[in-house]
Amino acid sequence: MNKDKRIIIVGAGSTGSSVAYHLSKITDSEIILIEKRGIGSGMTAFSSAIVRTHYSNEIVAKMALESRHIFESNRENLGFYRTGMITIVPDSLKDRMEENVSMLKGLGINEQNLTEHEASRKFPWINFDEGEDISYEIDSGYADSVLTANYFAKNAIDSGVKFIRDDVYKIENEQGRGKVVLKDGKIITGTKVVLCTNVWTNKLLSRSGFGEEELLPIKVSPHPVILFKRPNTISGLLPIVSDLVDKDYYKFEGESLLSGGNLRSELDNTNIDPDNPPLEVPMDYVSDYAERISKRIPDMKEAGFHSAYYGMYDNTPDFHPIIDSLTSLGLPNVYCCVGLSGHGFKLSPALGRIVSNLIMDKKDPALGYFRLLRFKNGNSVFKNYEGIGTVG
Ligand SMILES: Cc1cc2nc3c(=O)[nH]c(=O)nc-3n(C[C@H](O)[C@H](O)[C@H](O)COP(=O)(O)OP(=O)(O)OC[C@H]3O[C@@H](n4cnc5c(N)ncnc54)[C@H](O)[C@@H]3O)c2cc1C
């Protein structure tokens, strides 16, 4: 292992672990993965872990497809279940949905448009309203996010990556090297440092001396997830439902649970301290959610409330990642893959590969889309479902 060309990765969620895994395959540099808690214990552990390819822009759809192939070929190690996914849009988004479906088909994704009548016959347990447009993505599903992060990290460690459990207090530039200062003052330097620190990125940058106006354009937005115990009439693995009319999504977890979240822009417009997230989802939020889901899936009227929790999204203005060096902050040897905006788990295999290319100075067509400067230059990553950030 070449210590002179050491690479330090901060954060061992699905992103950092995948970066470590991919880098370990293509470099002889020493790689150190630093995580303040456990592997996969950050927002990765709170993820709904839906693995879909229904995106409205080609570049991210391709990344999702590449990643889904990894989940499919590694089913057991990554805990992947193929369930299919139904997307429902209101009449106003019908044309856009149809455009998306033909774009996705062009990429080789097994996706079909259904009329309300066809969808009602195929999925009699869902109420579809007149005028709604439906797409069905056959190969989508969900995976086990903690297992996935641990699988990548374990493989990386087995290939020689060094894992350190510690808290990075600040990062600096020192004579052309990235300098990582741990909480106890210990210093580690590397030719390259990669931040995969999700909602905690700006806190680390603040501690490193950057002012409010220099921080990355990331809002930390709490998103509730609610779990229900399903009645026996609706048990087993069923397709995920992405209801863009009510902006809710439902995932049929295992035999008898349903977990659901919401995609409303009100949730995305908040910005909180990631070390002080709200703890309890208010019961009136839960009962409103239960009422909506019972309208969409009548069997759910008999469901029991199981539990609810808040996770946090690291939202950028266009709800797509920042994968770049922090040269504009005076940290040319520090890179980041952050701002995954509540949809980064499914992309983790592709993100690991793309970030590795960035670190190894290899060309990658995806990199041009995710630069930090795009927010200043007005080059946002295209999205077709306005107001529904994470579906972008
Ligand atoms: C409620 C919810 C539902 C979601 N649903 C989906 C979904 O269905 N499908 C999907 O694709 N995505 C989903 N996502 C998004 C997805 O889970 C995340 O984008 C992804 O898991 C983020 O992984 P990460 O490794 O970037 O971040 P994290 O898992 O948060 O990992 C970052 C790690 O960095 C560590 N860290 C931070 N600062 C420091 C420091 N200074 N020193 C050392 N370590 C540090 C943290 O401890 C943490 O472990 C969801 C997210 C949430 C919150």
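No experiment lies behind these values; they were computed from the predicted model shown. By convention here, each chain's residues receive numbers from 1 onward along its written sequence. With the structure being a predicted model, the display of local features is reserved for residues of pLDDT at least 70 and the display and counting of side-chain atom pairs for 80 or more, all residues being used for whole-chain, interface and lining totals. By convention in this description, side-chain values take in all heavy atoms of the structure and omit both hydrogens and water.

### Let's talk about the packing of aromatic side chains
Where we set the bar: Stacked, edge-to-face and tilted labels apply to pairs of Phe, Tyr and Trp rings (six-membered ring for Trp) whose centres lie within 6.5 Å, assigned for plane angles under 30 degrees, over 60, and everything in between, in that order. Numbering goes from the N terminus for both helices and strands, where a helix is a DSSP run of H or I of at least four residues and a strand is a run of E of at least two. The cut-offs for exposure are 20% and 50% of the maximum accessible area for each residue type, with area from a 1.4 Å probe on protein chains only; residues under the lower value are buried, those over the upper are exposed, and the others partly exposed. Whether a charge sits over a ring comes down to the Lys NZ or Arg CZ being within 6 Å of the ring centre and within 35 degrees of the ring normal.
By the definition in use, this model includes 12 aromatic pairs. Ring geometry for Phe-71 and Phe-345: centres 5.4 Å apart, planes at 50 degrees, overall tilted. Of the two residues, Phe-71 is situated in helix 2 (residues 58-73) and Phe-345 in the loop between strand 20 (331-338) and helix 10 (348-359); the sequence distance between them amounts to 274 residues. Assigned by exposure class, Phe-71 and Phe-345 land together as buried. Their ring planes at 85 degrees and their centres at 5.4 Å tell us that Trp-125 and Phe-252 sit as a pair that is edge-to-face. Taken together, the residues Trp-125 in the loop between helix 5 (116-122) and strand 7 (133-137) and Phe-252 in strand 16 (residues 248-253) connect sequence positions 127 residues apart. Grouping residues by exposure puts Trp-125 and Phe-252 together as buried. Ring pairing ties together the aromatic residues Phe-123, Trp-125, Tyr-136 and Phe-252, which thus form one cluster. Taking the ring centre of Tyr-55 as reference, the NZ or CZ of Arg-52 above it sits at 4.2 Å.

### Brief notes about the packing of helix 2 against helix 10
Selection rule: The axes used here are C-alpha line fits, helices contributing only the stretch in contact, and every angle between their N-to-C directions lies in the interval 0 to 180 degrees. Angles are sorted into four bins: roughly parallel if under 35 degrees, roughly antiparallel if over 145, roughly perpendicular if 65 to 115, and oblique for all others. Every residue pair with non-hydrogen atoms within 4.5 Å of one another is taken to be in contact. Each residue is assigned to one class: nonpolar for Ala, Val, Leu, Ile, Met, Phe, Trp, Tyr, Cys and Pro, charged for Asp, Glu, Lys and Arg, and polar for all the others, Gly among them.
In contact at an axis separation of 7 Å, helix 2 and helix 10 are set at 110 degrees when each is read in the N-to-C sense. As far as their axial angle goes, helix 10 and helix 2 are roughly perpendicular. Contacts from Met-63, Glu-66, Ser-67, Ile-70 and Phe-71 of helix 2 reach helix 10 at Ser-348, Pro-349, Ala-350, Leu-351, Arg-353 and Ile-354. A per-class count over the contact of helix 2 with helix 10 returns seven nonpolar, two polar and two charged.

### Topic: the site of the ligand
For clarity, the threshold we go by: Whether a residue is near a molecule or strand depends on its heavy atoms: it is near if one of them lies within 4 Å of it. Any N or O atom pair separated by 3.5 Å or less is treated as a polar contact, with the protein-specific requirement of one donor-capable and one acceptor-capable atom, and with residues adjacent in sequence counted only for side-chain atom pairs. Working definition of accessibility: Shrake-Rupley area with a 1.4 Å probe, residue cover restricted to the visible protein chains. Each domain's extent was defined by an automatic or database domain assignment.
Around the ligand sit 35 residues, and of these Thr-15, Glu-35, Met-43, Thr-44 and Lys-346 come closest. At 3.2 Å, a backbone N or O of Ala-49 approaches an oxygen atom of the ligand. Contacts to the ligand include Lys-346, whose backbone N or O atom sits 2.8 Å from an oxygen atom. Contact with the protein chains removes 98% of the 1,000 Å² of surface that the ligand exposes when unbound. Secondary structure elements with two or more residues in the shell around the ligand: helix 1 (14-26) and strand 18 (304-315). Looking at side-chain class alone, the shell around the ligand contains 14 nonpolar, 14 polar and seven charged residues. Mapping the shell around the ligand onto the domain boundaries places at least three of its residues in each of domain 1 (2-44 + 146-217 + 318-391) and domain 2 (81-139 + 219-313).

### Thoughts on the domain arrangement of the chain
In terms of domains, the chain is made up of domain 1 (2-44 + 146-217 + 318-391) and domain 2 (81-139 + 219-313). With centres defined by C-alpha atoms, the gap from domain 1 to domain 2 works out at 30 Å.

### Quick notes on helix 6 (residues 145-158)
Basically, it comes down to this: A helix is expected to span 1.5 Å multiplied by its residue count minus one.
Here helix 6 spans 20 Å end to end across 14 residues, near enough to the 20 Å set by a 1.5 Å rise per residue. Within helix 6, burial applies to Ser-145, Thr-148, Ala-149, Tyr-151, Phe-152, Ala-153 and Ala-156. Of the surrounding secondary structure, the elements contacted by the buried residues of helix 6 are helix 1, strand 2 (29-35), helix 2, helix 3 (75-78) and helix 10. Where helix 6 begins, the capping side chain belongs to Asp-144, and its oxygen is found 3.2 Å from the backbone nitrogen of Val-146. At the C-terminal side of helix 6, Gly-160 shows a positive phi close to 110 degrees.

### A word on the layout of surface pockets
As a reminder of what qualifies: The rule is simple: put a 1 Å grid over the protein atoms alone, call a set of points where a 1.4 Å probe fits but cannot get out a cavity, call an open set with protein on both sides within 12 Å along at least five of seven lines a pocket, and count a residue as lining if it has an atom within 4 Å of a point. Grid points are joined across faces, edges and corners, and a volume is the space filled by probe spheres set on the points.
Estimates place the volume of the second largest pocket at around 280 Å³. Among the elements that line the lining of the second largest pocket, the one with the most residues is helix 7 (residues 201-207), at four residues. Within the lining of the second largest pocket, the residues separate by chemical class into seven nonpolar, five polar and two charged. Here the lining of the second largest pocket gathers at least three residues from each of two domains, domain 1 (2-44 + 146-217 + 318-391) and domain 2 (81-139 + 219-313).

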